[in-house]
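# Close look at the chain arrangement
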Amino acid sequence: MQLNACSKITVLSSAAILLSGCSWLGIGGGQKSYQAQKASYESTSNTQATQKTLGPCQITSAAQRAPAGCRPEDVTLAFGTPASGYVQQAQYTNNGYGSHVGAPQKAQAGYAPQVKSKRPWLRGQFGLEIDRSFSGNLYQPGVSGTAATYNRSLFVEGNSTGSIASGQVVNTTYTSIAERIVAPDISFDDVYTAPLRVSGGLEAILNKHATVYASAGYTRAGGKKGGGAQIIDELQQTVSTSDYFTDPANGPVGTLIGTVSNTTFIPNEVVATYNYEFNDLEKYDFEAGGRYYFNPILKTQLQRPLTPFVSASGGAAHYSATSVNENQRQRFIGRAFDGSQINADGDFYDVNFGTRTQIHDAQWVPYGAVKAGLEWQMTPKTALAFEAGVKYEGARDFSDGSQGDDIISIPVTIRGSYSF
């Protein structure tokens, strides 16, 4: 009985040793265990490599949860297989213009979800624009203003001393002789430095790059006041002395014996100035045009798309009537000769307090513009754009029937958009 028990123990020990030996040689179930460990190791290595390639807010599957600390709009989807050592560049997941969103699909081994464009077809827009001109005259005071019709005979000064009975009369007259008018043309920018335009409209998205839009705007600017013209004349003083008979023995009493005149002058003196005050500018306009959006720039530096674009548009603008009040100030010419003037540049008095002159009647004018800018996708539905360009506006007719100048301006615009 003891020998049989020992034999059983020996046989069982030998079988265990043989099974262990098979696993050492790679035979049987031991190989399967090894392959499983190897696959687990490679999977862990590839996962670590992928995590090193991905950003803090990137995911590898549409069904994967957003990483901790990341907002939903900041999460991006990376495509590609870790084995290839390449991860496709992430796309900003929003529904704004020019962006792309991967359609949710079930994760499959070795399958990269197809990227589909998803964009709105209509956007509402609101803009603020400063439209400053650098070409085009608004008013020519030396041609159509009251300075051009300055009447010197209305401003003659003088005095008289003595009498016929005393035998002598001295008349002193002060007047001016025309030399020139200093009246620079007044440009649109001189009067309205920075007209502010408020606009609103709609933009329809045709494809990935092209859109068309229509908008309406209202522009307002306060009219300026200031000096505009000077009348430069030669000042003259004429002293006339007339003698009369006072002794009947010499002739009839009161008879003029003779007159002697003496004239002195001061050249190049300002005899009149004109101040101008323009009414406020009001304008309504309607325009339609198109924009072309290029591919977004700075993709690796920005999480949200920054897209350059160019645009062209045309439209019509309706101006309200333009008028100017002209205030004339006239110089005391006599004080320039007798030394009684207080101001070194001459003493002046107001002739009138604003003679109204109509410059332009209310009318429509055509215009066109080309612009370029950048648009930043702030949120999935909102975007902010900055643009500038050149605008050409047709000439307005003056109230007297003559034609004015074309106006060229540089509009600078900040525009917000909301995708429906």
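For the structure itself, look to the data block above.
Summarised in this report is the structure supplied together with it. (Residues numbered from 1 in each chain as written. Predicted model: local features only at pLDDT ≥ 70, side-chain atom pairs only at ≥ 80, totals over all residues. Heavy atoms only, no water.)

Now for the overall build of the chain. Regarding its fold elements, the chain presents 5 helices and 22 strands. Residues classed as buried in the chain amount to 35% of the 420 residues present. Taking as baseline every contact in the chain between residues at least 6 positions apart, the subset at least 24 positions apart corresponds to 71%. Taken as a whole, the chain presents about 23,600 Å² of accessible surface, with 58% of it coming from carbon and sulfur. (Helix = DSSP H or I, 4+ residues; strand = E, 2+ residues; numbered from the N terminus. Buried < 20%, exposed > 50% of the residue type's maximum accessible area, 1.4 Å probe, protein only. Contact = heavy atoms within 4.5 Å. Areas by Shrake-Rupley, 256 points an atom, 1.4 Å probe, with all protein chains shown as cover.)

A few words on the nonpolar core. Tyr192, Tyr276 and Phe278 are the most contacted members of the largest nonpolar core, which has 31 residues in total. Secondary-structure elements contributing two or more residues to this core are β7 (137-139), α4 (188-191), β13 (225-244), β14 (256-278), β16 (306-319), α5 (333-338) and β20 (363-377). At 5 residues, the largest contribution of residues to this core is made by β14. In this structure, Ile59, Cys70, Val75 and Leu77 belong to the second largest nonpolar core, which totals 5 residues. (Core = buried A, V, L, I, M, F, W, Y, C linked by side-chain atoms within 4.5 Å.)

What follows is about unusual backbone geometry. Despite not being glycine, Asn268 has its phi angle at roughly 55 degrees, a positive value. Along the chain, Asn268 falls in strand β14. For Leu298, which is not glycine, the phi dihedral falls at a positive 55 degrees. Along the chain, the position of Leu298 falls in the loop between β15 (281-293) and β16.

As enumerated under the stated definition, the model contains 11 aromatic pairs in all. Aromatic side chains Tyr293 and Phe309 sit 5.4 Å apart centroid to centroid with 40 degrees between the ring planes, which places their arrangement in the tilted category. Taken together, the residues Tyr293 in strand β15 and Phe309 in strand β16 connect sequence positions 16 residues apart. Just as Tyr293 is buried, Phe309 falls in that class too. Following the ring pairs from residue to residue traces out a cluster consisting of Tyr139, Tyr276 and Phe278. Of note, Arg291 hangs over the ring of Tyr213, and the distance from its end group to the ring centre comes to 3.9 Å. (Phe/Tyr/Trp six-rings, centres within 6.5 Å; stacked < 30°, edge-to-face > 60°. Lys NZ or Arg CZ within 6 Å of the ring centre and 35° of its normal.)

Before going further, it helps to examine the pairing of strand β11 (residues 196-205). Of the two faces of β11, only the one carrying Arg197, Ser199, Gly201, Glu203 and Ile205 is buried; Leu196, Val198, Gly200, Leu202 and Ala204 on the other face are not. As paired elements, β11 and strand β12 (residues 210-221) share 10 bridges and run antiparallel to each other. Paired with Ala204 across the bridge in β12 is Val212. (Pairing = 2+ DSSP bridges.)

In the structure shown here, the tally under the stated rule is 5 cavities of 30 Å³ or more. When its volume is computed, the largest cavity comes out at roughly 140 Å³. Among the elements of the structure, β6 (122-135), β11, β12, β15 and β22 (407-419) are those that each provide at least two residues to the lining of the largest cavity. Considering each element in turn, the lining of the largest cavity owes the most residues, 5 residues, to β11. Residue composition of the lining of the largest cavity, grouped by class: 4 nonpolar, 7 polar and 7 charged. (1 Å grid on protein atoms, 1.4 Å probe; cavity = no way out; pocket = protein on both sides within 12 Å on 5 of 7 lines; lining within 4 Å. Points joined across faces, edges and corners; volume = space filled by probe spheres on them. Nonpolar A, V, L, I, M, F, W, Y, C, P; charged D, E, K, R; others polar.)

Turning to the sheet that holds strand β21 (residues 382-393), a few remarks are in order. Read once around its circumference, the closed barrel built from 8 strands follows the order β6-β11-β12-β15-β16-β20-β21-β22, with strand pairing classed as antiparallel. Neighbouring strand axes in the sheet, compared pairwise and without regard to direction, differ in orientation by 25 degrees on average. As paired elements, β15 and β16 share 11 bridges and run antiparallel to each other. Bridge assignment links Gly290 to a residue of β16, and that residue is Ala312. (Axes fitted to C-alpha atoms, helices over the stretch in contact; angles between N-to-C directions.)

Below, the discussion takes up the pattern of salt bridges. Note that side chains of opposite charge can pair when their charged atoms are close. Counted according to the given criterion, the structure contains 19 salt bridges. Glu203 is the partner of Arg123 in a salt bridge, and the nearest nitrogen-oxygen pair spans 2.7 Å. Of this pair, Arg123 sits in strand β6 while Glu203 sits in strand β11, placing them 80 residues apart in sequence. For the pair Arg123 and Glu203, one class covers both residues: buried. Between Lys371 and Glu129 there is a salt bridge, with its nearest N and O atoms 3.1 Å apart. With Lys371 in strand β20 and Glu129 in strand β6, the pair connects residues that are 242 residues apart, well separated along the chain. Each of Arg123, Glu203, Arg291, Glu375, Glu387 and Arg415 takes part in one network of salt bridges that share partners. (Salt bridge = Lys/Arg side-chain N within 4 Å of Asp/Glu carboxyl O.)

This brings us to the side chain of Ser199. For Ser199, the location among the structural elements is in strand β11. For Ser199, the residues in contact, after removing those within four places along its chain, are Gln125, Phe126, Gly127, Ala216 and Gly217.

For the rest of this paragraph, the subject is the pairing of β16. Every regular strand shows the same layout, with side chains that alternate between the two sheet faces. Two strands pair when backbone bridges link them, and β16 and β20 are joined in this way by 14 bridges, in the antiparallel orientation. When the bridges of β20 are listed, Leu306 appears paired with Trp376.

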